[in-house]
Amino acid sequence: MSVDGDSSPLSSSGSDDFAALLNEELAGISSDESLEEEADETDQDHDGEEEEVYEELNVEDADFAPKRSKRQRLDMLDDDEGLHCSTSLEPVSQSSDVSVQLEICAHPSLIKGMCVKCGRMVDDVSAVALGYIHKDLKVGSDELARLRNKDLKSLFRKKKLYLVLDLDHTLLNSTHFQHISPDEEYLKSQTDSLQDLPNGNLFQLDSMRMFTKLRPFVRTFLKEASNMFEMYVYTMGERPYAMEMARLLDPGKIYFDSRVISQADCTQKHQKGLDVVLGAESAVIILDDTEYVWRQHKENLILMDRYHYFSSSGRSFNLNNRSLAELKRDESEPDGALATILEVLKRIHQLFFDLEQDDDLMRRDVRQVLKTVRSEVLKGCKLVFSRVWKIGEQVENQRLWEVAEELGAICCKELDASVTHVVSTDMGTEKSRWAVKYKKFLVNPSWIEAANFLWQRQPEDSFAVNDSKKEH
Amino acid sequence: MFFHIVLERNMQLHPRHFGPNLRDKLVAKLMKDVEGTCSGRHGFVVAITGVDNVGKGLIRDGTGFVTFPVKYQCVVFRPFKGEILEAAVTIVNKMGFFAEAGPVQIFVSNHLIPDDMEFQSGDIPNYTTSDGSVKIQRDSEVRLKIIGTRVDATEIFCIGTIKDDFLGVINDPGAAA
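It should be emphasised that the depicted structure is a prediction, and the values quoted were computed from it without experimental measurement.

Basis of the calculations
Residues numbered from 1 in each chain as written. Chains lettered and ligands numbered in written order. Predicted model: local features only at pLDDT ≥ 70, side-chain atom pairs only at ≥ 80, totals over all residues. Heavy atoms only, no water. Pairing = 2+ DSSP bridges. Helix = DSSP H or I, 4+ residues; strand = E, 2+ residues; numbered from the N terminus. Axes fitted to C-alpha atoms, helices over the stretch in contact; angles between N-to-C directions. 1 Å grid on protein atoms, 1.4 Å probe; cavity = no way out; pocket = protein on both sides within 12 Å on 5 of 7 lines; lining within 4 Å. Points joined across faces, edges and corners; volume = space filled by probe spheres on them. Nonpolar A, V, L, I, M, F, W, Y, C, P; charged D, E, K, R; others polar. Salt bridge = Lys/Arg side-chain N within 4 Å of Asp/Glu carboxyl O. Buried < 20%, exposed > 50% of the residue type's maximum accessible area, 1.4 Å probe, protein only. UniProt positions renumbered as here; feature names shortened; annotations may be inferred. Domains from an automatic or database assignment. Contact = heavy atoms within 4.5 Å. Buried area = accessible area lost by both parts, 1.4 Å probe. Polar contact = N/O pair within 3.5 Å; in protein donor to acceptor, adjacent residues only side chain to side chain.

### Quick notes on the sheet that holds strand S6 (residues 172-176) of chain A
One key point about sheets: their strands pair by backbone hydrogen bonds, in either a parallel or an antiparallel sense.
Residue and element names in this part refer to chain A.
Then, number 1: The three strands are arranged S6-S8-S7 in an open sheet whose pairing can be described as antiparallel. Two strands close off the open sheet at either side, each with one partner strand: S6 and strand S7 (202-205). When strand polarity is set aside, the average angle formed by the axes of neighbouring strands in this sheet is 20 degrees.
Then, number 2: In this structure, S6 lies alongside strand S8 (residues 210-214), joined through five bridges in antiparallel fashion. Considered in S8, the bridge of Ser174 is made with Thr212.

Next comes the structure, spelled out in structure tokens:
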């Protein structure tokens, strides 16, 4: 018993004496010293035995499984002799069982480094970690493809697609206690009780020191979308936050189940990827307010107008106007962003499942449908831009130009009679004056942005170009 | 599998416990420290059934704590490959389902669920046969066979299968409801 390894050599003699004394004393309390020593020896023996027992067991584990099942079967057969006719079948099925076991396992996925199919320890670095399903789960690429394919079939049977939803600025807006502006203090008395999750929309989360405001219409949105989609939450927030938000949005756990993906699950830094989503890319629609995180899946993305309820949220995007909370207002419920997008989703869903020309559902691609729907928004518009970007810049690479073309508008550089809209920031340019003269629509660039977010051609009157003289 | 074995442990005791009740204190502390823990070698310690022997104490310099080697009998639970266990289902998802047999977590992958059972998503995700007669969902009780174990210092995790004769649901909460 080398317990006092830390005792210094100087003091050891003294402590040893004391230890001996104490031992003597204790011997009286517990039991006879000699007995103890004997017991010590026997214990060592016992330990040895124990190990042997375990070894035997392990041997049994490795070799015995098939044998044991055989024995079981034999027992059974002995019991009911009347069933002799079936005996001829038994060995056949058994041998096929054995051959299955002998097949080389492809190690489809691993949990804690253990293959889920054969139970062996495997080291596969290429497998993708799906931490949101289980913290130690890794799935190989072949298995991912198989799962997606299988899942897609059952999903199509239910006439559903996948919907990946971002949290912040898309479905809700959160802010820390310390970032509340003086004009927003009144909110503290207006929060909804956490006991009433399904009805509330403004919550105070003391554990995270946060206020969370759900976007108007979000409850109806989720309810209706769940009939058409299998929904995922995919956020750049951390896991506890994501779980808490999912609880606010889905207290009954009927929409998301375990499909809540957070920052830790992303395979690339600052990028969201569909590689951790168990859904085929051809059937996924993404709702997010940030475009660049979905660099590889832009075609699946529906860009959302950002929801800023708290002033701190607007400030982080360099918006300095007063927040909705400060103005004691909110997005409109019947025609806010979520209601608009729900209509778009309904249309995409309907188009996807109603396409007559191609009978094979599996080969359909929601990205194509998305593209088609998008390209109908500004169909028939021919745009000319004026003073929207600096002279000399490559116009074809401009975002606004790209967006307009995606929305189905035709963009050109020069004026001609077929042009329908002039997009301008200034009344005074030559093109703007031309538009006024020939009674063409003259709109500012946010007309395109609005059409992009609302998926509808907007009334041109509300996007008139401000007179530059008045502006300055 | 359960085992009744003798284990030994060095217990450190604070000097304030030295006195007539020293042994009782030691046993109480042993129970608190050991029951419910898991060691990779022996499995989960379910209960202490008796203390065989308390060895000579050794005083630790500087602290005054005394270390006693204590030998005790206990019931341990350790799952083995090939063992048949009964477990309660906790989570069901596309990948398969998780079940618990006491402190042991077991995962049954969809490869090892009979082929005629399909995953059904919805508010109660489950695996159901095509005729709907058998259903595995949360809180179902299943009989499964362990095909792999991973033993860590504080946790034992198993891979199981129900794709074999006499395995599968033994009690279905959905059927009773």
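### A word on empty space enclosed by the protein
Then, number 1: This model, assessed by the stated rule, comprises five cavities of 30 Å³ or more.
Then, number 2: Volume-wise, the largest cavity comes out at about 140 Å³.
Then, number 3: Around the largest cavity, the lining residues are Leu147(A), Lys150(A), Asp151(A), Ser154(A), Lys94(B), Asn110(B), Glu118(B), Phe119(B) and Tyr127(B).
Then, number 4: Secondary structure elements with two or more residues in the lining of the largest cavity: helix H4 (141-157) of chain A together with strand S9 (117-120) of chain B.
Then, number 5: For the lining of the largest cavity, the element with the most residues is H4(A), which contributes four residues.
Then, number 6: Each pocket or cavity is described by its volume, and for the second largest cavity that value is around 100 Å³.
Then, number 7: A per-class count over the lining of the second largest cavity returns six nonpolar, two polar and three charged.

### Topic: the pattern of salt bridges
Then, number 1: In this structure the tally under the stated criterion is 29 salt bridges over all chains.
Then, number 2: Here Arg306(A) and Asp289(A) are joined by a salt bridge, their closest N and O atoms 2.7 Å apart. One end of the pair, Arg306(A), is in the loop between strand S12 (301-303) and helix H7 (311-315); the other, Asp289(A), is in the loop between strand S11 (284-288) and S12, with 17 residues separating them in the sequence.
Then, number 3: For Arg306(A), a relative accessible area of 28% translates into the label partly exposed.
Then, number 4: With relative accessibility at 6%, the residue Asp289(A) sits in the buried group.
Then, number 5: Between Glu86(B) and Arg143(B) there is a salt bridge, with its nearest N and O atoms 2.8 Å apart. With Glu86(B) in strand S6 (residues 84-93) and Arg143(B) in strand S12 (residues 141-151), this residue pair connects regions lying 57 residues apart in the sequence.

### Describing the UniProt feature "domain: FCP1 homology" (unreviewed entry) in chain A
Then, number 1: Those residues carrying the UniProt feature "domain: FCP1 homology" (unreviewed entry) are residues 156-327 of chain A in this numbering.
Then, number 2: In residues 156-327 of chain A, the share of helix is 17% and the share of strand is 20%. The end C-alpha atoms are 45 Å apart.

### Examining helix H12 (residues 446-454) of chain A
Then, number 1: Restricting attention to buried positions, one finds in H12(A) the residues Trp447(A), Ile448(A), Ala450(A), Ala451(A), Asn452(A) and Phe453(A).
Then, number 2: Just past H12(A), the residue Trp455(A) takes up positive phi, approximately 60 degrees.

### Some points on the domain arrangement of chain B
Residues and elements named next belong to chain B.
Then, number 1: The domains assigned to chain B are domain 1 (2-77) and domain 2 (83-171).
Then, number 2: Put simply, the middle of domain 1 and the middle of domain 2, counted by C-alpha atoms, are 36 Å apart.
Then, number 3: Each partner contributes residues to the interface: domain 1 has six residues there, and domain 2 has 10 residues.
Then, number 4: Summed over both partners, the interface of domain 1 with domain 2 comes to about 580 Å²; 75% of that surface belongs to carbon and sulfur atoms.
Then, number 5: On the domain 1 side of the interface with domain 2, the three residues burying the most area are Cys38, Phe44 and Phe77, jointly 78% of the side's total.
Then, number 6: For the pair domain 1 and domain 2, the number of links is zero salt bridges.
Then, number 7: Across the contact surface, domain 1 and domain 2 share zero residue pairs in polar contact (both at pLDDT 80 or more).
Then, number 8: Elements supplying a minimum of two residues to the side of domain 1 that touches domain 2: strand S2 (38-39) and strand S3 (43-54).

### Considerations on the UniProt feature "domain: RNA polymerase Rpb7-like N-terminal" (unreviewed entry) in chain B
Then, number 1: Per the UniProt annotation, the sites labelled "domain: RNA polymerase Rpb7-like N-terminal" (unreviewed entry) are residues 8-64 of chain B.
Then, number 2: What you have in residues 8-64 of chain B is 23% helix and 39% strand, and the ends, taken at the C-alpha atoms, are 22 Å apart.

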